[in-house]
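The primary structure of each chain is shown beneath.
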Amino acid sequence: MGSEMCIRDSDWASLMALAARSRGLLAPIVSHYEGKVRLEGDEFAKAVASFRERFYAGPHFRYESRGDPYSAIDAWERELVGLELRQAEVEARERLFELPPRPHNSLRTSRDELRVLKRVWDAAERSRFEADGWAATAWPAVDVEWMIASARDLLRELRVACPRSARDWDVYKGANGALIDMLAALSLVGMLRDDAMRPRHWKRLMRHCGREFQLDTKRMPLGPLLSLRLHEHAEAVADLVQHAKGELVLDVQLAEIDSAWLGMQLHFDPQEGEEEVLTLRVPQEVLDCLDEHEVVLERMLVDPFVGFFEENIAAWRSRLSKVRAVLETWLEAQRLWVLLKELYLNIPENIPVRLRRSGPPGGHLPITPTYTVGVTDLADSRGPSLPPTE
């Protein structure tokens, strides 16, 4: 056993000596190939650096890129796979020649970034798709609350897809900014759907935003309104809607005044003991409305939203002023007539001839049987339409 061990030790020593001699003989060749492997490694490092530079400079990182981002991502994926295969070959040769391995972490980083870029573009394109659908929605079918909830979900999805390290990318900033602007615009759209909005308010909004669209609140899509970039005019939109609400209050009050006086009438009743003589009777409702509406119109004049209604308010004030003046004159004349009637009927010979001529034939008021007349007719410059006398 001992002799065998001695032989084996001798053989091993011979083998090691042969290996040393062979290494010496192969040293120039090994050195030559080591240089080639190092050069190949240097060239590969330059290729990786070039890849990284071109990768970051590509349009696929820009949100407003006109190209197809997915085609670009596929192309970069193919190039990255080629570099990863080449890296494996370079590392295998470096191990073969016992060269220190070079770290190529940038390729792993590129792989991770490419995955993130794909997820960000998925979220961005979904946001665009949803926004296009909302823009095509007809105005009556717009559900602002649902759209806002969907936009918030899309924003959350985008932020989950993009780690903080990638939030400086233009594609992320663009998609994130577009969703934030959309949320702001949808909130303003909800305000503009107020029932107080009238065509004059929409035209004012268009003038302020510097863009116009065909106004048809029954059929128009949401897109033209979103094209006004409402988020850039948030304060103006809020002021406009507030103004419209203020004007609606005045509009309703004027409509109530119109409605109230439309059916208001004066009554003429036969005088006691003389059926052929009618006297004016003003219902208390007329007097109450006259007092109330004059106060309401005065209050409207100091309202900050009165501008559009100034002409209408002035017309109503003039009309009611005339009604009051006519009623007061009429009732005063009627009171005097009743007081003087007996004298006029019983002693006509004592009445001067000029007055006698102007008096009514037969010595009584020439008024036919009971009738009514609209109160606002009194404000007509031509006077109320009285029934004809016989």
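## Brief notes about the packing of helix H3 (residues 105-135) against helix H5 (residues 170-192)
Right, so step 1: Contact geometry of H3 with H5 gives a least axis separation of 10 Å together with a crossing angle of 30 degrees. As summarised for this structure, H3 and H5 are arranged roughly parallel, according to the angle between their axes. Between H3 and H5 lies a crossing of left-handed hand. Note on element contacts: H5 touches H3 through Val171, Tyr172, Ala175, Leu179, Met182 and Leu186, opposite Leu117, Val120, Trp121, Ala124, Ser127, Ala131 and Trp134.
Right, so step 2: Among the residues making up the contact of H3 with H5, the classes are represented as twelve nonpolar, one polar and no charged.

## What to know about the side chain of Arg52
Right, so step 1: With respect to the helices and strands, the residue Arg52 is situated in helix H1 (residues 2-57).
Right, so step 2: A polar contact of 2.9 Å, which involves the side chain of Arg52, links it to the side chain of Tyr56.
Right, so step 3: Among residues more than four places away in sequence, those in contact with Arg52 are Ser106, Thr109, Ser110 and Glu113.

## Section: the confidence of the model for the chain
Right, so step 1: When pLDDT is averaged along the chain, the result is 82, and 79% of the positions lie at 70 or above.
Right, so step 2: Predicted confidence for residues 357-373 stays below pLDDT 50, and this span has 40 contacts to residues more than four positions away or in other chains.
Right, so step 3: Across residues 381-390, confidence stays below pLDDT 50; counting only partners more than four residues off in sequence or on other chains, it has twelve contacts.

## Focus: the packing of aromatic side chains
Right, so step 1: Per the stated rule, a full pass over the model turns up eleven aromatic pairs.
Right, so step 2: Pairing Phe55 with Phe61 gives two aromatic rings, centres 5.2 Å apart and planes at 85 degrees, and the pair type is edge-to-face.
Right, so step 3: For Phe55, a relative accessible area of 0% corresponds to the buried category.
Right, so step 4: An aromatic cluster is defined as three or more aromatic residues linked by ring pairs; in this entry it consists of Phe51, Phe55, Tyr56, Phe61, Trp76 and Trp169.
Right, so step 5: When the ring centre of Trp139 is taken as reference, the NZ or CZ atom of Arg193 above it lies at 5.1 Å.

## Overview of a nonpolar patch on the surface
Right, so step 1: A surface patch of nonpolar side chains, amounting to about 430 Å² of accessible area, comprises Trp12, Leu15, Met16 and Leu18.
Right, so step 2: Following the sequence through the fold, Met16 ends up in helix H1.
Right, so step 3: Its relative accessible area of 42% is what places Met16 among the partly exposed residues.

## Brief notes about the packing of helix H8 (residues 234-262) against helix H9 (residues 284-301)
Right, so step 1: Packing of H8 against H9 brings their axes to within 11 Å, and their N-to-C directions diverge by 160 degrees. Comparing the axis directions of H8 and H9 gives the class roughly antiparallel. As H8 packs across H9, the resulting crossing turns out to be left-handed. Contacts between H8 and H9 involve Leu250, Gln253, Leu254, Ile257, Ala260 and Trp261 on the former and, on the latter, Val286, Cys289, Leu290, His293, Val296, Leu297 and Met300.
Right, so step 2: Residue classes in the contact of H8 with H9 are distributed as eleven nonpolar, two polar and no charged.

## Comments concerning the nonpolar core
Right, so step 1: If you look at the biggest cluster of nonpolar residues, it comprises 61 residues, and the most contacted ones within it are Val189, Leu192, Trp202, Leu205, Leu222, Leu225 and Leu230.
Right, so step 2: Counting residues per element, the ones that place at least two in this core are H1, helix H2 (69-96), H3, helix H4 (144-161), H5, helix H6 (199-209), helix H7 (223-226) and H8.
Right, so step 3: The dominant element in this core, judged by the number of residues it contributes, is H5, at eleven residues.
Right, so step 4: Sequence-distant contacts of Leu230, defined by excluding residues within four places in its chain, comprise Ala185, Leu188, Val189, Leu192, Leu205, Leu225 and Val237.
Right, so step 5: Ranked by size, the runner-up nonpolar core spans 23 residues in total, among them Phe268, Val282, Val306 and Val323.

## Thoughts on H2
Right, so step 1: For H2, built from 28 residues, the straight-helix expectation of 40 Å at 1.5 Å per residue is met to within 8% by its first-to-last C-alpha distance of 41 Å.
Right, so step 2: Between the side-chain oxygen of the N-cap and the backbone nitrogen of Tyr70 there are 3.1 Å, and the N-cap of H2 in question is Asp68.
Right, so step 3: Taken from the residues just after H2, Glu98 is the one with a positive phi, measuring 55 degrees.

About the thresholds
Residues numbered from 1 in each chain as written. Predicted model: local features only at pLDDT ≥ 70, side-chain atom pairs only at ≥ 80, totals over all residues. Heavy atoms only, no water. Axes fitted to C-alpha atoms, helices over the stretch in contact; angles between N-to-C directions. Helix = DSSP H or I, 4+ residues; strand = E, 2+ residues; numbered from the N terminus. Parallel < 35°, antiparallel > 145°, perpendicular 65-115°, else oblique. Left-handed = near helix turned anticlockwise from the far one by under 90°. Contact = heavy atoms within 4.5 Å. Nonpolar A, V, L, I, M, F, W, Y, C, P; charged D, E, K, R; others polar. Polar contact = N/O pair within 3.5 Å; in protein donor to acceptor, adjacent residues only side chain to side chain. pLDDT = per-residue confidence, 0-100. Phe/Tyr/Trp six-rings, centres within 6.5 Å; stacked < 30°, edge-to-face > 60°. Buried < 20%, exposed > 50% of the residue type's maximum accessible area, 1.4 Å probe, protein only. Lys NZ or Arg CZ within 6 Å of the ring centre and 35° of its normal. Patch = residues over 30% accessible without salt bridge, like charges linked within 9 Å, V, L, I, M, F, W, Y side chains within 5 Å. Areas by Shrake-Rupley, 256 points an atom, 1.4 Å probe, with all protein chains shown as cover. Salt bridge = Lys/Arg side-chain N within 4 Å of Asp/Glu carboxyl O. Core = buried A, V, L, I, M, F, W, Y, C linked by side-chain atoms within 4.5 Å. Expected span 1.5 Å × (residues − 1).

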